[in-house]
Amino acid sequence: MANVPPIPKRISSIKFGLLSPKEIRKMSSTPIITADTYDDDGFPIDMGLMDTKLGVIDPGLRCKTCSGRAGECPGHFGHIELVAPVVHVGFNKVIRKLLRATCRKCSKILLEPAQKQHFLDQLIGIEEIGHMPDDLINEAYKEASKVKVCPYCNEEQLDIKFEKPTEYLENGEKLTPTEIRDRFENIPDEDIRVIGMDPKNARPEWMILTVLPVPPVTVRPSITLESGQRSEDDLTHKLVDIIRINQRFQENREAGAPQLIIEDLWELLQYHVTTFFDNSVSGIPPARHRSGRPLKTLSQRLKGKEGRFRGSLSGKRVNFSARTVISPDPNLSINEVGVPMPIARTLTMPAVVTPRNIEQLKIYVRNGEDVHPGANYVLRPDGRRIKVTNVNKDDLAEKLEFGWTVERQLKDGDIVLFNRQPSLHKMSIMAHSVKVLPNKTFRLNPAVCPPYNADFDGDEMNMHALQTEESRAEAKILMQVQENILSPRFGGPIIGGIHDHISGLFLLTRYEDHISANDAYDMLRKSDIRELPSPAGYDPDGKPYWTGKQIFSQILPKNLNAQFTAQVCSHCDTCKKEECPNDAYVVIRDGELIKGTIDEAAIGAFKGKVQDRIIKEIGPEAGARFIDNMTMLAVRAIMRTGLSFGIADEDIPKEARIQINEVLGKAEGAVQNLIKSYQNKELEPLPGRTLDETIEMSIMQKLGKARDETGNIADSHMGLENSAVIMARSGARGSILNLTQMAACVGQQAVRGERIRRGYAGRTLPHFEKGDLGSDAHGFVKASYKSGLNPTEYFFHAIGGREGLVDTAVRTSQSGYLQRRLVNALQDLEVQYDLTVRDTRGVLVQFKFGEDGINPTKSDFSKPDTIHRIVRSVVNREVA
Amino acid sequence: MFFIISGGKAIRGKIRPDKFFEYFIFGGKDLTKFSLLDHESVPKHEIMSEGELKSVLSKYSIEKEQLPKIKVQDPVSKEIGAVVGDVVKITRKSQTAGEAEYYRLVIE
Ligand SMILES: [Mg+2]
Ligand SMILES: [Zn+2]
Ligand SMILES: [Zn+2]
Ligand SMILES: [Zn+2]
């Protein structure tokens, strides 16, 4: 392996074990015997919880163990000798298992010698092949706990009951920790191995504590309040409790106190030690502060979202970032982000003072922190950092010299990163240029919602101000929105028109054919177009007018050519192309829209052919400009006609209603006939299906067909004058199915792809006879949303709807975890300059990226269309 | 369910039990002697010669160990009789590239 570099340091194994009392004493720097912390002069008391042998946190003091100062001394453990042993909560389940698996008299594991040997042999085998022995160990536990009489001493085994969190009852009598410890001490080493413990590293009796390690003061530093009062860490408070009870216990025992009191104190000691480890165990109340706040003890520091692992180790926090709610602003470029003034005044960018910028930077410093754009800090070359205040701002501006750095506030044009979680693909973090705006939300062009998967129902996003020239350059070249319009996922644009953009341009390019000069200029006002082409015609009074197609053509690059079918295409058997009677074949020649309607297939996110062609043929800058102009034109176009949707849009004529009822009635009849033939055993089963499956499938099919038919009836009565139809057909929002469910018939409600069968014995609801196979008894909704559902229909609809919700909830968590595993496995792979894919050791994974070396971003919707297009443009005609 | 019929092509679908016998008996090929390389979805595997291997290694300027691996116990390794240390050349059909070559070092 000459070229494969060795992995620098490899962890060959990690071993976990229990601390023995001996080890605890050995690693302890001092026993802790007094609950007091500081003396009257404020110095730590010897053998107290703040003993300087445990390490130091106050500057000026030296550690008595390592003689290091605060910061140098890592801290050292101490220990408390417990008067009586207590159970370690963390091991309560293991203790229970051990008690059940070993003899109450001789402590041997309750397995025949042969059985024991069998498990031991298997364990060794499993260890050799490096598998987890958990299953085997559980089996051994299970076998041993079944045995009722000890095979070694014939002692009858009693029932062990476990009461959370630390009580064990044998036939109703409490086992004291001392008794448990005695039993565990006698378990032979060999038997311990059978139950999966390594006797060298973890003797079971060590799970019953006789000595408690006291964590170093560096783990539980006290803080000095402004009043000069000391406030101790929660762990210290807990340790004080333990020591107090420990002392009282000892005094009472020495004084020969009654057994009842001793037991009470023992229980109390157990409680305090338990809550010291984990203050959220069920079965006991959590220990609280005087204020009523529960204490944060050891396991609370580690567990959960804000714990050490998720919150401190995996969680990364950064400076120069901001987070707030987002809202739309169609007048911003897709490359811009609107930044609220308070954020712009807080975040800064460092600027090194040079002869070229010194005057400008002086202005910023003079503006101070309150006047935007100002400066918040000035850095001197010696590393001193000076805050710009209203007092020193003029002074600092005068002192400014070459080589100093001014941390100036964010201003228009700065490059920042913008991010929305969950960051699932590279387009979840893109670079935008800042536009400082009033109010408190981030503003973005709605056309960039798809890559972030953002909407404005309260979504929040993060922004990061870049701090070096290199990062800003890199972000601008690689991460700017316009560089990410084309997705590497499918080789098409994922940024484009949404919702009203599509409706607007649909209305403009399909119906508008009489636009006055005034209106035309008004619609194009926000773009940089200031001239109109020759008009489409003249009114009788001599005034010129233009068509919507002409207006749209103005924002197209002059040399753009494209031909494709629009979304509204009804997929006729033979497409008449340019002659399409439906105006559904788009022809753009030399930047002019000759034929066709602009809709989702032309400018939509994920689908837009026009953005796609512009970016691939002219460039991302032209692409961004087109999307900017397109969104602004579309917004003005939709305001020209207006587009609204009301309940009346779901109206259908009376005859249609009658037709629909007829269809549904017939289907019902057909279903009844099917049921009859099924009951008469005349039904032929489908191949490979049982009779029951056959009848269900036939009914489903009949009803599905009926629903579709009602949809067609409703659809045929709603033309493109209906705004819901416009939105559905143009791809702006909603579907024809949504519409027909509103107007005609909602249809079958299903659970796991089957008709609804759950509910009462033999029927879904008490409204139906037992064994009723009819359509309405199993969730077929005859009504439309407009006409309203009857109570049983409504209930079935809720059942079907709930499944959808559960599905999405389950799917997101599952796909999230899948994504995480994939990313973890693939994150270090890299495409090299020779197009090979290699890992960090230089081992090849692919000899050519994707077997073909094609960059999917540059492909045409992942189809080999490029060659055809080149040939077409050279020979100037269609080629096969 | 997969069934082997004459010609070594796999077809997928539900086959009625009565039809099954037809395929099994009159399939035209002795199923006990079938080679797994005959299957449509198994790409061509062949052991590379020393010279061929050398040119591949120099093309990517790598050592043998940097190649992807395949186990000797792998059914395909057994089928073509590869031993540890051999390099297997795999020629796959590709929708976009026509044919794509891949190399794997045989390991234990
Ligand atoms: Mg949302
Ligand atoms: Zn120290
Ligand atoms: Zn015994
Ligand atoms: Zn058409």
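**Topic: the overall build of chain A**
Part 1 of the reasoning: Check the secondary structure of chain A and you find 27 helices and 30 strands.
Part 2 of the reasoning: For 880 residues, the compact-globule formula gives about 29 Å, and the C-alpha radius of gyration of chain A, at 38 Å, lies well above that figure.
Part 3 of the reasoning: Projected onto the principal axes, the alpha-carbon positions of chain A cover approximately 120 × 100 × 65 Å.
Part 4 of the reasoning: Considering only contacts in chain A between residues 6 or more positions apart, those separated by 24 or more positions represent 66%.
Part 5 of the reasoning: Mean positive and mean negative side-chain charge positions of chain A (116 and 118 charges, respectively) differ by 1 Å.

**What about the pattern of salt bridges?**
Part 1 of the reasoning: Under the counting rule described, the total for this entry stands at 48 salt bridges over all chains.
Part 2 of the reasoning: Close ionic contact of Glu 512 of chain A with Arg 640 of chain A constitutes a salt bridge, the shortest N to O distance being 3.0 Å. Of this pair, Glu 512 of chain A sits in the loop between α16 (500–510) and β18 (515–516) while Arg 640 of chain A is found in helix α21 (residues 620–641), placing the two residues 128 residues apart along the sequence.
Part 3 of the reasoning: According to the relative accessible area criterion, Glu 512 of chain A is buried, its value standing at 14%.
Part 4 of the reasoning: Judged by its relative accessible area of 30%, Arg 640 of chain A is partly exposed.
Part 5 of the reasoning: We note a salt bridge from Lys 89 of chain B to Glu 52 of chain B, for which the minimum N-O separation is 3.2 Å. Linking Lys 89 of chain B in strand β5 (residues 87–94) with Glu 52 of chain B in helix α2 (residues 50–59), this pair joins segments that are 37 residues apart in sequence.
Part 6 of the reasoning: Classification of Glu 52 of chain B as partly exposed rests on a relative accessible area of 32%.
Part 7 of the reasoning: Salt bridges sharing partners connect three or more residues here, namely Arg 104, Glu 155, Glu 170 and Arg 183 of chain A.

**Re the pairing of strand β8 (residues 321–328) of chain A**
Residue and element names in this part refer to chain A.
Part 1 of the reasoning: Looking at chain direction, β8 and strand β17 (residues 460–465) are connected through five bridges and run antiparallel. Directly across from Arg 323, in β17, lies its bridge partner Asn 462.
Part 2 of the reasoning: Of the strand pairs in this sheet, β8 and strand β16 (residues 442–444) are connected by three bridges, and their pairing is parallel. Bridge pairing in β16 links Ile 326 to Phe 442.

**Digging into the coordination of the zinc ion (ligand 2)**
Residues and elements named next belong to chain A.
Part 1 of the reasoning: Those donors, Cys 63 (SG), Cys 66 (SG), Cys 73 (SG) and His 76 (NE2), are the protein atoms that reach the zinc ion (ligand 2), and they lie 1.9 to 2.3 Å from it.
Part 2 of the reasoning: Coordination geometry of the zinc ion (ligand 2): the four donor atoms subtend angles of 106 to 112° at the metal centre, consistent with an arrangement described as tetrahedral.
Part 3 of the reasoning: In the primary structure, the donors to the zinc ion (ligand 2) are separated according to the pattern C-x2-C-x6-C-x2-H.

**Digging into helix α4 (residues 134–146) of chain A**
Residues and elements named next belong to chain A.
Part 1 of the reasoning: In a regular helix each residue adds 1.5 Å, so 13 residues correspond to 18 Å; α4 covers 19 Å between its end C-alpha atoms and thus fits that length.
Part 2 of the reasoning: Restricting attention to buried positions, one finds in α4 the residues Leu 136, Ile 137, Ala 140, Tyr 141 and Ala 144. Looking straight down α4, one finds its buried side chains confined to an arc of 140°; they lie on one side. Away from the buried face of α4 by more than 90 degrees, exposed residues Asp 135, Lys 142 and Lys 146 are located.
Part 3 of the reasoning: Of the surrounding elements, those touching the buried residues of α4 are α2 (92–101), α3 (113–128) and α6 (189–194).

**Topic: the interface of chain A and chain B**
Part 1 of the reasoning: Taken together, the contacts link 17 residues of chain A with 19 residues of chain B.
Part 2 of the reasoning: One can count one salt bridge joining chain A with chain B.
Part 3 of the reasoning: Residue Glu 851 of chain A pairs with Arg 92 of chain B through a salt bridge whose shortest N-O separation is 3.4 Å.
Part 4 of the reasoning: Joining chain A to chain B, the criterion identifies five residue pairs in polar contact (both at pLDDT 80 or more).
Part 5 of the reasoning: Counting residues per element, the side of chain A that touches chain B draws most heavily on strand β30 (residues 844–846) of chain A, at three residues.
Part 6 of the reasoning: Tallied by class, residues from the side of chain A that touches chain B come to eight nonpolar, four polar and five charged.

The rules we used
Residues numbered from 1 in each chain as written. Chains lettered and ligands numbered in written order. Predicted model: local features only at pLDDT ≥ 70, side-chain atom pairs only at ≥ 80, totals over all residues. Heavy atoms only, no water. Helix = DSSP H or I, 4+ residues; strand = E, 2+ residues; numbered from the N terminus. Rg over C-alpha atoms; globule rule 2.2 N^0.38 Å. Contact = heavy atoms within 4.5 Å. Lys, Arg positive; Asp, Glu negative; His and termini not counted. Charge placed at Lys NZ, Arg CZ, Asp CG, Glu CD. Salt bridge = Lys/Arg side-chain N within 4 Å of Asp/Glu carboxyl O. Buried < 20%, exposed > 50% of the residue type's maximum accessible area, 1.4 Å probe, protein only. Pairing = 2+ DSSP bridges. Donors = N, O, S within 2.8 Å, 3.2 Å for Na, K, Ca; no water. Tetrahedral: all angles 85-135°; square planar, octahedral: opposite > 155°, others 65-115°. Expected span 1.5 Å × (residues − 1). Arc of directions from axis to C-beta. Polar contact = N/O pair within 3.5 Å; in protein donor to acceptor, adjacent residues only side chain to side chain. Nonpolar A, V, L, I, M, F, W, Y, C, P; charged D, E, K, R; others polar.

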